[in-house]
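Understanding the architecture of this molecule
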Amino acid sequence: MIAELGHYALVLALLVALVQTTVPLFGAAKNDFALMGVAQPAATAQFLSILFAFAALTYSYVTSDFSVINVAENSHSLKPLLYKISGVWGNHEGSMILWVLILALFGFAVARFGVHLPPTLKARVLSVQGSIGVAFLGFILLTSNPFLRLDPAPIDGRDLNPLLQDPGLAFHPPMLYLGYVGFSMAFSFAVAALIEGKVDPAWARWVRPWTLAAWTALTAGITLGSWWAYYELGWGGWWYWDPVENASFMPWLSGTALLHSAVVVEKRDALKSWTILLAILTFALSLMGTFLVRSGVLTSVHAFAVDPERGLYILAILVVFIGGALTIFALRAPTMKLGGLFQPISREGGLVMNNLLLSVATATVFIGTLYPLFLDATTDQKVSVGPPFFNATFVPVMIPLVLLMAIGPMLAWKRGDLPAAMSRLWFAVLVSLGLGVFIFWVNADEPFTPVIGFALAGWLAAGTLKEFGDRVGLFREKLSQSLARARRLPRSTYGMTLAHLGLAIFICGAVADSAWRTEVVINAKESDKASIAGFDALLEKVERQQGPNYQLERATIVIKKDGEYITTIFPERRFYPVQQMPTTEAAIHTTFLADIYVSLGEGGKNQGWTLRLWYNPLIPWIWAGCLIMVFGGLISLSDRRLRVGAPFKKIEPKKSKHSGLENA
Amino acid sequence: MTPKRRRLTMVGLGLLMVAAATTLALNAFEDTLVFFYSPSDLMKAETSPGKQIRVGGLVKEDSLKKSNDGLTVSFTITDLDNILPVKFEGALPDLFREGQGVVAEGYLIQGTFQANHVLAKHDENYMPKEVADSLKKSGKWKGNNK
């Protein structure tokens, strides 16, 4: 009964979304307030219906109702509660419900909090958002209905893929979807503005928080996914340039560009058509990510069910929405008024370079990801593109970007003074050179890349700190005064500083790990020893145990350095009988400077077990850097000037002085 | 700068970047593309030794052997027409089984494939796409989907 109600709620949501798409759009064209007013309750009703459907599916999972096909195929009565719930989105149908739920949530948020939006813009935004809802609800109901019944119901379910039964992965999809779908807001605002024929700083002010929220969530989602791959797959690495990873990384790159170009629209009323185009392309890349991952074009843990019909449907959505948006763009963009002028060397100029470089970086990832598919479709030749390709294309584009990241914020709007900015950066040059020389010294016979990597990271970190220090007048004024200034700085300034610092830390981690990671594989019997990077690992024993829905072998490994006890870790090898599938649970000893990573392979008492050990230097810095970026995004989101529903006029006059200072 | 000139400069810069990216990508493709072969392809094709390639097929039943040190494994892959012996040092992936699909990346040295990575599937229903396609080509595909 509950499942039928859920199905019914989905159909209802589709009908409401149809109304939300058509009526307000018509009303906005006729300037009819009554018709435009339909958008708000419709968005609310759509959200509530989908929420109900989602709750119904969750209920079926939690109560292990195996008469629902979706539950029977992806759940098991013995599964821990967390994974019963995360199993809702651990499969194709359920994850699509999560997708539309988040989509409707964003629409609902605009309807509820966008009180100060101009009524026609609001009606059009909600209408575009509604149309995306129509497309995806139609997709679910026609090809991926999660509420289908199974008769007779099986005694027990087929369980969730054990690789997905993991806390990191329970939250990875919702975060990633918040990001993907969050960019639908930027898209809806862009298309609405094109229909409206007006893009101004106020528009950018409305778009920025959504973009920022989407970016923050996407950063968190990608980080969680990478972290999961690191500790769950047992391969010791954190990023493989796998097409599935790239599919989420492309919208991140173009979303980052969008975040920066929206600032130019807001502050200087320039780069308007470009920003609109970027908003459309970012959402296009999000849709493409969904298509690549869900259609089975790529084989991966994400391609739950290979069904060409579904792939075609998503491809059709992609073509209709992006093609449509680009057509409107082509028609309307030339009529847009040119905004503020600026010199090439200025804050705007720096942000233009940022956008160009990020777009090129996106393009290299795009080419590397799609080329094998293209070649397979046209010539039947099978190739794969791996890390060497991306190291040769993506990384060289990032180097000038990072160089620029320290200089850009030092330049003034409109007309910057490059020599002056560089003279403020002498400290960063020193830090960068010093760090480079230091790395060269400790790393004499190794490749040259870590030297460049650390020099860049030092440059970025020192430049970012210096810029922040100058803002608060550090060392120029009394400390108390600097602190007072720091308190008055807008939060978005802190956000930027943190995000840039986070990237510097991330670069250190990524460079160190790829240059200095060491790996040892041994076959060990009980009380055998292995040594790696100066540490000794003693395999004390391996025991068999029973988990909730799996059996496991658990090794006890004592780590020592120079005979001194450091820690004991317990890598596991699990076997899930329902899915007939083993998984590896690596054990990781984390310190500030490195991870010792051990995974237990196949084996037995007599022939011994295969043990793989890695020493991953600075890898914790990768996660730390990403977390700092996410934190920067959150701080920036809490800036009252960006808060949804808090328009700029509410800012006390006193504060406008500081925003002037921030612009300087 | 007039708006028109500014626009031109930006378009010019953009084009320059795109050209740079394309050059980078094409250059990189030459050295980094990894081609896939089935055992039958490998009989016909000329591959330069020392070039990294991927091979794939089913792991032949009863072909998996472990060396005495417990680390080096050898097995045979087949597309049911031809076979290829593979050597690999390290831990095989969790889902490596005889009779099932596998993809290996490495070098061909005198008729034996020296693998430095072995990839198996993520779950029970998954067969590497390359392997499925090469089985279809050799007419030995028994699966029902696709």
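Residues numbered from 1 in each chain as written. Chains lettered and ligands numbered in written order. Predicted model: local features only at pLDDT ≥ 70, side-chain atom pairs only at ≥ 80, totals over all residues.

Turning our eyes to something else, we now look at the pairing of strand β8 (residues 581-585) of chain A. Every regular strand shows the same layout, with side chains that alternate between the two sheet faces. All names here are of chain A. A large share of β8 lies buried, amounting to four of its five residues. Bridge count between strand β7 (residues 572-576) and β8: five bridges; the pairing is antiparallel. From the neighbouring strand, E572 faces β8, where its bridge partner is E585. Here β7 hands over to β8 after four residues, with Q580 in that stretch at a positive phi of 55°. (Buried ≥ 20, exposed ≤ 12 C-beta atoms within 10 Å, placed from the backbone. Helix = DSSP H or I, 4+ residues; strand = E, 2+ residues; numbered from the N terminus. Pairing = 2+ DSSP bridges.)

Attention now goes to the pairing of strand β6 (residues 101-109) of chain B. All names here are of chain B. In the sheet, strand β2 (residues 53-59) pairs with β6 via six bridges, with the strands oriented antiparallel. Bridged to V55 within β6 is A104. Of the pairings in the sheet, the one linking β6 to strand β7 (residues 112-119) comprises seven bridges and is antiparallel in character. By the bridge assignment for β7, E105 is matched with H117.

A word on the packing of helix α7 (residues 119-143) of chain A against helix α8 (residues 167-196) of chain A. Residues and elements named next belong to chain A. Between α7 and α8, the least distance of the axes is 8 Å, while the angle of their chain directions is 125°. In terms of their interaxial angle, α7 and α8 are classed as oblique. Regarding α7 and α8, the two cross each other, and that crossing is right-handed. Between α7 and α8, the contacting residues are T120, L121, R124, V125, V128, Q129 and I132 on the first element and S184, S188, F189, V191, A192, I195 and E196 on the second. (Axes fitted to C-alpha atoms, helices over the stretch in contact; angles between N-to-C directions. Parallel < 35°, antiparallel > 145°, perpendicular 65-115°, else oblique. Left-handed = near helix turned anticlockwise from the far one by under 90°. Contact = placed C-beta atoms within 7 Å.)

Okay, the sheet that holds strand β11 (residues 608-617) of chain A next. By way of backbone hydrogen bonds, the strands of a sheet pair with one another, either parallel or antiparallel. Residues and elements named next belong to chain A. As summarised here, the arrangement of the four strands in space is β2-β11-β10-β9, forming an open sheet in which the pairing is antiparallel. Whereas interior strands pair on both sides, the edge strands pair on one side only; in this sheet they are β2 (518-524) and β9 (587-590). The average undirected angle you get between the axes of adjacent strands in this sheet is 15°. Sheet analysis places β2 next to β11, joined by seven bridges and oriented antiparallel. Bridge pairing in β11 links N523 to T610.

Once that is clear, we can look at the domain arrangement of chain A. Residues and elements named next belong to chain A. Entries for chain A in the domain assignment read domain 1 (1-165), domain 2 (390-516 + 621-663) and domain 3 (518-619). Taking only C-alpha atoms into account, the centre of domain 2 sits 39 Å from that of domain 3. Listed by partner, the interface residues are seven residues for domain 2 and four residues for domain 3. Within the residue set of the side of domain 2 that touches domain 3, elements represented by two or more residues are α19 (491-516) and α20 (619-637). If you tally residues by element for the side of domain 2 that touches domain 3, the top one is α19, at five residues. (Domains from an automatic or database assignment.)

Take the environment of E93(A) next. Residue and element names in this part refer to chain A. Inspection of the secondary structure assignment puts E93 in helix α6 (residues 92-113). Separated by 69 residues in the primary sequence, E93 and P24 have C-alpha atoms spaced 30 Å apart. If sequence neighbours within four positions are ignored, E93 has contacts with N70, S144, N145 and P146.

Another aspect to go through is the packing of helix α1 (residues 2-30) of chain A against helix α3 (residues 39-62) of chain A. Residues and elements named next belong to chain A. Interaxial distance between α1 and α3 falls to 8 Å at its minimum, and their mutual angle equals 160°. As far as their axial angle goes, α3 and α1 are roughly antiparallel. For α1 against α3, the interelement crossing comes out left-handed. Classifying every residue of the contact of α1 with α3 gives 21 nonpolar, five polar and no charged. (Nonpolar A, V, L, I, M, F, W, Y, C, P; charged D, E, K, R; others polar.)

Moving on to the interface of chain A and chain B. In this complex, chain A contributes 39 residues to the contact, which on the side of chain B involves 34 residues. Every element with two or more residues in the side of chain A that touches chain B is listed here: α13 (347-379), β1 (383-385), α14 (387-407), β2, β8 and β11 of chain A. The residue makeup of the side of chain A that touches chain B, split by class, is 20 nonpolar, 17 polar and two charged.

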